[in-house]
Amino acid sequence: MKKEVRIHDKNFVEAISETEIRERIMELGIEISRFYAGKDPILLSVLNGAFLFTADLSRILEFDPEIYFIRVSSYGGGMSSSGNVKQITGLIENVSGKDVLIIEDIVDTGHTLDWLRKMLAEKRAASVKMATLLFKEECFHYADRPEFIGFNIPDRFVVGYGLDYNQRGRHLPSIYELKKD
Ligand code: IMP
């Protein structure tokens, strides 16, 4: 029997276990460390959802990154992306001439990724890449995919491991998807 949780008015069933997440992050950490060998990129973690992924991934990386956080909004609560990305808060140091690795929990339409890439290009970052734990490939609207992807998932709403449903469920150690009725 798969684990189930109820959050607000909805039921969710486990889709990716804690062990699967841990093992995949270990692989990603090795891949990213090799990619940036000899460099110390900045990690830019997208709040709130990426807090656990950033914590776990950063402890595996073999370089010594500066780590910053930014908060943007596109969902505004509920279960679908508005496409209207806004920066809410965030500390962006001078990224000019530096390599930046954005850390995201999930890429859905790609509006947030596109907005971040443009914003960092305007600030003249030397390079901008993204590591995302989850990627909803069939929802993605842009040409440039995230460079480092944990899991490709179908177009289903998910919670857990940082991801929320109306601010609940972020603490769950595994990923749960909305249960079909
Ligand atoms: P995008 O701009 O459409 O790619 O959406 C990115 C943001 O939407 C993520 O950072 C999440 O905050 C949110 N999001 C997208 N899909 C889900 C989901 O299935 N569950 C929870 N949040 C999601």
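Residues numbered from 1 in each chain as written. Predicted model: local features only at pLDDT ≥ 70, side-chain atom pairs only at ≥ 80, totals over all residues. Heavy atoms only, no water.

Q: Residue-level account of the site of the ligand, with values.
A: Not every one of the 18 residues close to the ligand is listed here, only the nearest: D108, T109, T112, K136 and V158. At 3.3 Å, a side-chain N or O of D105 approaches an oxygen atom of the ligand. Between the ligand and V158 there is a distance of 2.7 Å, counted from a nitrogen atom to a backbone nitrogen or oxygen. Across the complex, the protein chains shield 92% of the 490 Å² of accessible surface that the ligand would expose by itself. Contributing elements (two or more residues each) for the shell around the ligand: strand 6 (99–107) and helix 3 (111–122). When residues of the shell around the ligand are assigned to their parent elements, the largest contribution, four residues, is made by strand 6. Looking at side-chain class alone, the shell around the ligand contains six nonpolar, six polar and six charged residues. (Near = heavy atom within 4 Å. Polar contact = N/O pair within 3.5 Å; in protein donor to acceptor, adjacent residues only side chain to side chain. Areas by Shrake-Rupley, 256 points an atom, 1.4 Å probe, with all protein chains shown as cover. Helix = DSSP H or I, 4+ residues; strand = E, 2+ residues; numbered from the N terminus. Nonpolar A, V, L, I, M, F, W, Y, C, P; charged D, E, K, R; others polar.)

Q: Describe a negative patch on the surface, naming the residues involved and giving the relevant values.
A: Together, D40, D64, E66 and E93 line one region of the surface with negative charge. As for its placement among the helices and strands, D64 is situated in the loop between helix 2 (51–58) and strand 4 (67–73). (Patch = residues over 30% accessible without salt bridge, like charges linked within 9 Å, V, L, I, M, F, W, Y side chains within 5 Å. Salt bridge = Lys/Arg side-chain N within 4 Å of Asp/Glu carboxyl O. Lys, Arg positive; Asp, Glu negative; His and termini not counted. Charge placed at Lys NZ, Arg CZ, Asp CG, Glu CD.)

Q: Tell me about unusual backbone geometry, and please be specific about residues and values.
A: Following L47, the chain continues into N48 via a peptide bond in cis, with omega recorded as 0°. Residue position: N48 is located in the loop between strand 3 (42–47) and helix 2. For H8, which is not glycine, the phi dihedral falls at a positive 50°. With respect to the secondary-structure elements, H8 resides in the loop between strand 1 (4–7) and strand 2 (10–16). A relative accessible area of 41% places H8 in the partly exposed class. A positive phi angle, close to 65°, is found at R124, a residue other than glycine. Turning to its location among the elements, R124 is positioned in the loop between helix 3 and strand 7 (127–135). R124 gets classed as exposed once you look at its relative accessible area, which sits at 62%. (Buried < 20%, exposed > 50% of the residue type's maximum accessible area, 1.4 Å probe, protein only.)

Q: Account for the packing of helix 1 (residues 18–35) against helix 2, with residues named and values stated.
A: The N-to-C vectors of helix 1 and helix 2 enclose an angle of 60°; their axes lie 9 Å apart at closest approach. Overall, the two elements helix 1 and helix 2 adopt an arrangement that is oblique. For helix 1 against helix 2, the interelement crossing comes out right-handed. Across the interface between the two elements, I25, L28, G29 and I32 from helix 1 touch F53, D56 and L57 from helix 2. Of the residues assigned to the contact of helix 1 with helix 2, the class counts are five nonpolar, one polar and one charged. (Axes fitted to C-alpha atoms, helices over the stretch in contact; angles between N-to-C directions. Parallel < 35°, antiparallel > 145°, perpendicular 65-115°, else oblique. Left-handed = near helix turned anticlockwise from the far one by under 90°. Contact = heavy atoms within 4.5 Å.)

Q: I'd like a description of the nonpolar core, backed by residues and values.
A: Core analysis: the biggest nonpolar cluster contains 25 residues, and I32, L57, L134 and I175 have the highest contact counts within it. Elements with a minimum of two residues in this core: helix 1, helix 2, strand 6, strand 7 and strand 8 (148–152). Ignoring anything within four residues of it in the chain, the contact list for I32 reads L57, L61, F63, L101, A131 and F148. Counting 21 residues, the second-largest nonpolar core is a separate cluster that includes I42, L44, I70 and M130. (Core = buried A, V, L, I, M, F, W, Y, C linked by side-chain atoms within 4.5 Å.)

Q: Go over the pattern of salt bridges with me, naming the residues and quoting the values.
A: By the definition in use, this model includes eleven salt bridges. Here R24 and E27 are joined by a salt bridge, their closest N and O atoms 2.8 Å apart. Placement of both R24 and E27 in helix 1 is noted, with a separation of three residues, approximately one turn of the helix. When its relative accessible area of 46% is taken as the criterion, E27 is described as partly exposed. The closest approach of N and O atoms between E137 and R145, which form a salt bridge, is 2.3 Å.

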